[in-house]
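Listed below, chain by chain, are the residues.
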Amino acid sequence: MMMLTKKMIEIRSLLQTVGQSETLTLPSIVVIGSQSSGKSSVLEAIVGHEFLPKGSNMVTRRPIELTLVNTPEAHAEYGEFPALGLGRITDFSQIQRTLTDLNLAVPVEACVSDDPIQLRIYSPNVPDLSLIDLPGYIQVTGRDQPPELKEKIRELCEKYIRSPNIILAISAADVDLANSTALRASRKVDPRGERTIGVITKMDLVDAERGASLLNDKKYALRLGYVGVVCRVPQAIGTGKLFNRGNGNITSAIAKNEAAYFSSHPEFGGDSHLDVGTQNLRKKLMYVLESTMASSLKTTSEAIQRELAEATYEFKVQYNDRPLSAESYLAESLDAFKHSFKGFTEQFGRAEVRAIVKHEIDQQVLNLLAQRYWNRPFDDLSQPLPDPDPLSSLPKADLDNTIWQIKLDSSSASLTKLGIGRLATSVVANALQAHVDQLTLSSRFANHPFARQAITEASTTILRDLSYDISDELEICIKPYKYRIEVEDSEWAKGRENVTNVLKEELKVCESAAKIVETQIGGRKKAKDVMAFIDRVRDGKVVLEGDGIGGAGGFSSALLHKGREAVFLRDRLDVLKMRIMAVKSKQCANKANKYYCPEVFLDAVADKLTTTADLFLDAELLSKFYYLFPRELDTRLGRGLSQTEIERFAREDPKIRRHLDVVRRKELLEHVLKEMEALRQLEAREKRFSSRS
Ligand code: GDP
């Protein structure tokens, strides 16, 4: 017999995980009673431990779904909150504290919450039972309680005492039964008294005759009857403390106390056929729960079959019967991502590194040239004015003047000492990171913030760790160039060709920048006027008052500012054009004239640096990153994830979440149905067995 209830309670818990549905559940025992009726004492007597929140101001704010699991082989008694994942709690006062905290977490304005707290208690001393403890009815609302609390509690209870649940209506013997809120509520939904068990507590507080008459109540006759109990834990004599407080089991103390009380009053004797004592109450609950559950099995299993048919249909139509689990989804996504990364590694090699590094160093060369060569002497307003022709006013290299040697040597030294190791490593690392980000965005992971972050962290961590050493090592590789640079004829020729392109490219950039500034100023004509004015200022023909902060020459200060930019760009364009001509000239064809052609020389240096860097970065940064990254992904998104994290990951994508829900629901329902079938067989076997014996 006992096995059946246990199984049915298990099925009931399983159904709870399928989701909220009124038809998809097996009945439970719902406990109602007014505050102070002794409701908690009854539940604690059944469990054998004090575990419910107490205190004058403690209103239970959430239903407690209490599942008692009989563990005949075990000694230990413990509780578990399956939803909280706190593990086994053997200290019942800690269960009490947890329940108190969960209650206090309900916002005061909400009064009560109908989201039940799941609590399972495992013990060799409890029967297999499933009980739902509801907030006690309150008579008068306290000063610090919201006025609607009373009504909200009533509504909550009403929802739970619906059929087919069994109602355990608690009333105290010292209160007129006609005034029992629990019985009144029960009568409303169960007028014929078919599924209500009446519990009369505090039998010790009324005289035995009156107590006996309560149990025989005919005004609201109950098919399942009334049970009288005395659930107060007796006080230890002399200490003033409650007997057996702490973690010990109180069942036998209560039973002894009850036995002493009821046997001393003949009114409750054997002939009276009155039902008294918590032991009897437990037996009754077990029997009633089992038979009620058993009779609900058929309708519940039909409901499950209907739900299963629905889920199966949805699975077929919406998801083409495609199986899916969070693990398989993650594994597939990760494989696909690693595959696309592999594809990227095949396309991004030394040549790509070279292009990135060279472009970066070219920019540095341009900066150096601008700093050291391309500044027109007349930018310095203290110098006498040169001839206005911009080409002829540019500095000419004079081989006899050592300044030009120093200028080139120091420019080349600036380039080699720029920290090329760091620079090259970081531009390549940044490029790798950008590609990884791009791959992520075009992968399934795009819809998964959690995975996106894990991937970014994986690549940044590896790149950061690698870059640190690689920068230093690369710096050492280029060290020889810091002292001496020999340029071959072929290198010179290549540099000449390349730098021409770089200068042309720069020319284009400057031209479009100049166009933009011209438009900002308000057109060609206006730009010309502003520039002419600035030129006159520079030439000393006009003297500005107060630096022209408030504007000058009929131009606002903002306009003058833009004008300066335009002048700068115009001059830069002149210089670039002139330098392109110079680089193309015969003179620059010969490396002996390197002082005339710093652009070509510096480009040749840049090329040598790039060659060293790309070789090194290809061997160190790329190959190491390509090896480590997929493995790091496995750790962060594969093996390293817990089941909950995998679930959380997969459920981030709403489409996947729905798919998973359908699969899960279908599997759970199938599982429950199988369990129910097993239960049916067990039931049949037990019937055969009992008819034989
Ligand atoms: P609840 O508010 O309905 O949960 O009631 P409690 O279980 O907290 O009990 C309210 C008060 O009645 C407490 O002080 C209990 O000690 C006391 N009480 C509970 N059951 C009995 C009983 O059978 N006899 C006596 N004398 N007192 C009881």
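Keep in mind it's a predicted model, so treat the numbers as computed, not measured.

**Focus: the state of the cysteines**
Here, the word disulfide means a covalent bond between the sulfur atoms of two cysteines.
Item 1. What the rule picks out here adds up to one disulfide.
Item 2. With its sulfur 1.9 Å from that of its partner, cysteine 588 forms a disulfide with cysteine 597. Negative torsions about the S-S bond denote left-handed disulfides, and the value of about -105° found for cysteine 588 with cysteine 597 makes this one left-handed. As far as burial versus exposure is concerned, cysteine 588 and cysteine 597 are alike and both buried.

**Section: the site of the ligand**
Item 1. Taken together, 14 residues surround the ligand, and among them Ser36, Lys39, Ser40, Ser41 and Asp204 come closest.
Item 2. One of the backbone N or O atoms of lysine 39 is found 2.8 Å from an oxygen atom in the ligand.
Item 3. Lysine 202 is positioned with one of its backbone polar atoms (N or O) 3.2 Å from an oxygen atom of the ligand.
Item 4. With the chains in place, 77% of the 570 Å² that the ligand exposes on its own is no longer accessible.
Item 5. Considered class by class, the residues forming the shell around the ligand number three nonpolar, seven polar and four charged.

**Remarks on the packing of helix H10 (residues 350–372) against helix H15 (residues 489–521)**
Item 1. Between H10 and H15, whose axes approach to 11 Å, the crossing angle comes to 75°. Of the possible angle classes, the one that applies to H10 and H15 is roughly perpendicular. Residues Arg354, Lys358, Asp362 and Leu366 of H10 form the contact with H15, whose participating residues are Lys494, Asn498, Val502, Leu503 and Glu506.

**Focus: the pairing of strand E2 (residues 64–70)**
Item 1. Here E2 lies mainly inside the structure; seven of its seven residues are buried.
Item 2. With burial as the criterion, each face of E2 is covered, one bearing Ile64, Leu66, Leu68 and Asn70 and the other bearing Glu65, Thr67 and Val69.
Item 3. Direction of pairing for E2 relative to strand E4 (residues 117–123): parallel, over a ladder of seven bridges. Paired with valine 69 across the two strands is tyrosine 122, which belongs to E4.
Item 4. As paired strands, E2 and strand E5 (residues 129–133) are joined by five bridges and run antiparallel to one another. Opposite leucine 68, over in E5, you have leucine 129 as the bridge partner.

**A closer look at a negative patch on the surface**
Item 1. A surface patch of negative charge is lined by Asp465, Asp469, Asp472 and Glu473.
Item 2. One can find glutamate 473 in helix H14 (residues 449–477).

**A short note on the confidence of the model for the protein chain**
Item 1. In the predicted model, the protein chain carries a mean pLDDT of 86, and the fraction of residues at 70 or more is 91%.
Item 2. Low confidence marks residues 237–244, where pLDDT is under 50. Its contacts with residues over four positions away, or in another chain, come to 14 contacts.
Item 3. Counting interchain partners and residues more than four positions distant, the pLDDT-below-50 stretch residues 377–394 has 21 contacts.
Item 4. Overall fold confidence for the complex sits at a pTM of 0.64, while the interface term, ipTM, reaches 0.99.

**Some thoughts on unusual backbone geometry**
Item 1. Cis rather than trans, the peptide bond between serine 163 and proline 164 has omega equal to 0°.
Item 2. Turning to its location among the elements, proline 164 is positioned in the loop between helix H4 (149–160) and strand E6 (166–172).

**Some points on the sheet that holds strand E8 (residues 226–228)**
Item 1. Taken together, eight strands build an open sheet; the order of strands is E3-E4-E2-E5-E1-E6-E7-E8 and the sheet is mixed. Since the sheet does not close on itself, it has two edges, and those belong to strand E3 (78–80) and E8, each with one partner. Across the sheet, the mean angle separating the axes of adjacent strands is 25° when strand polarity is ignored.
Item 2. In terms of strand pairing, strand E1 (residues 29–33) meets E6 through five bridges, oriented parallel. Within the sheet, the bridge partner assigned to valine 30 lies in E6 and is isoleucine 167.

**So, the packing of aromatic side chains**
Item 1. For the structure shown, the criterion picks out 16 aromatic pairs.
Item 2. Both rings, one in tyrosine 261 and one in phenylalanine 262, keep their centres 5.3 Å apart while their planes meet at 75°; by these two values the pair is edge-to-face. Side by side, tyrosine 261 and phenylalanine 262 carry an identical accessibility label, which is buried.
Item 3. Consider the rings of phenylalanine 344 and tyrosine 626, whose centres lie 6.2 Å apart with planes at 80°: the pair is edge-to-face.

**A look at H10**
Item 1. Relative to the 33 Å expected for 23 residues at 1.5 Å per residue, H10 spans 32 Å between its end C-alpha atoms, a close match to the ideal helical length.
Item 2. Taken residue by residue, H10 has Val353, Val357, Lys358, Ile361, Asp362, Gln364, Val365, Leu366, Leu368 and Leu369 as its buried positions.

**A closer look at the pattern of salt bridges**
Item 1. Counted under the stated rule, the structure contains 42 salt bridges.
Item 2. Salt-bridge contacts for lysine 358 lead to aspartate 362; the nearest nitrogen and oxygen are separated by 3.0 Å. In this pair, lysine 358 and aspartate 362 both sit in helix H10, four residues apart, roughly one turn of the helix.
Item 3. For glutamate 491, the salt bridge identified is with lysine 608, shortest N-O distance 3.1 Å. With glutamate 491 in helix H15 and lysine 608 in helix H18 (residues 598–639), the pair connects residues that are 117 residues apart, well separated along the chain.
Item 4. By relative accessible area, which is 15% here, lysine 608 ends up buried.

**Considering the side chain of aspartate 362**
Item 1. The class for aspartate 362 is buried, based on a relative accessible area of 9%.
Item 2. Ignoring any residue separated from it by four or fewer positions in sequence, one finds aspartate 362 in contact with Asn498, Val502 and Asp603.

**Observations concerning helix H3 (residues 92–104)**
Item 1. When the terminal C-alpha atoms of H3 are compared, their 18 Å separation across 13 residues agrees well with the 18 Å that a helix rising 1.5 Å per residue should span.
Item 2. Where H3 is concerned, the buried positions are Phe92, Ile95, Gln96, Thr98, Leu99, Thr100, Leu102 and Asn103.
Item 3. Elements that come into contact with the buried residues of H3 comprise E2, E3 and E4.

Rules behind the numbers
- Throughout, residues of each chain are indexed from 1 in the direction in which the sequence is written.
- Totals for whole chains, interfaces and linings use every residue, but because this is a predicted model, local features are given only for residues with pLDDT of at least 70 and side-chain atom pairs only at 80 or more, for both listing and counting.
- Hydrogens and waters are ignored; side-chain quantities use all the structure's heavy atoms.
- Working definition: a disulfide is two cysteine sulfur atoms within 2.5 Å of each other.
- The cut-offs for exposure are 20% and 50% of the maximum accessible area for each residue type, with area from a 1.4 Å probe on protein chains only; residues under the lower value are buried, those over the upper are exposed, and the others partly exposed.
- Summary of the distance rule: residues count as near a molecule or strand when at least one heavy atom falls within 4 Å of that molecule or strand.
- Polar contact criterion, stated in full: a pair of N or O atoms within 3.5 Å, where within protein one must be able to donate a hydrogen and the other to accept it, and residues adjacent in sequence count only if both atoms are side-chain atoms.
- Computed with the Shrake-Rupley method and a 1.4 Å probe, the accessible areas treat only the protein chains shown as cover for residues.
- Residue type decides the class: Asp, Glu, Lys and Arg count as charged, Ala, Val, Leu, Ile, Met, Phe, Trp, Tyr, Cys and Pro as nonpolar, and the leftover types, Gly among them, as polar.
- Here the axes come from fitting lines to C-alpha atoms, over the contacting stretch only for helices, and the angles between their N-to-C directions go from 0 to 180 degrees.
- Secondary structure follows DSSP: runs of H or I at least 4 residues long count as helices, runs of E at least 2 residues long count as strands, and numbering of each begins at the N terminus.
- Note on angle classes: values under 35 degrees are labelled roughly parallel, values over 145 roughly antiparallel, values of 65 to 115 roughly perpendicular, and the remainder oblique.
- Contact between two residues is taken to exist if any of their heavy atoms lie within 4.5 Å; hydrogens are not considered.
- Any two strands between which DSSP finds at least two bridges are classified as paired.
- Each patch groups residues whose relative accessible area exceeds 30% and which form no salt bridge, using 9 Å between like charges and 5 Å between nonpolar side chains of Val, Leu, Ile, Met, Phe, Trp and Tyr.
- Here a salt bridge means any side-chain nitrogen of Lys or Arg lying within 4 Å of a carboxyl oxygen belonging to Asp or Glu.
- Only four residue types enter the charge count, namely Lys and Arg as positive and Asp and Glu as negative; His and the chain termini do not.
- Throughout, a charge is located at the NZ atom of Lys, the CZ atom of Arg, the CG atom of Asp or the CD atom of Glu.
- Per-residue confidence from the prediction method is given by pLDDT, with values spanning 0 to 100.
- Note on ring pairs: Phe, Tyr and Trp rings are taken, using the six-membered ring of Trp, and paired if centres are within 6.5 Å. Classes follow the plane angle, with under 30 degrees stacked, over 60 edge-to-face and the rest tilted.
- Take the number of residues in a helix, subtract one, and multiply by 1.5 Å to get its expected span.

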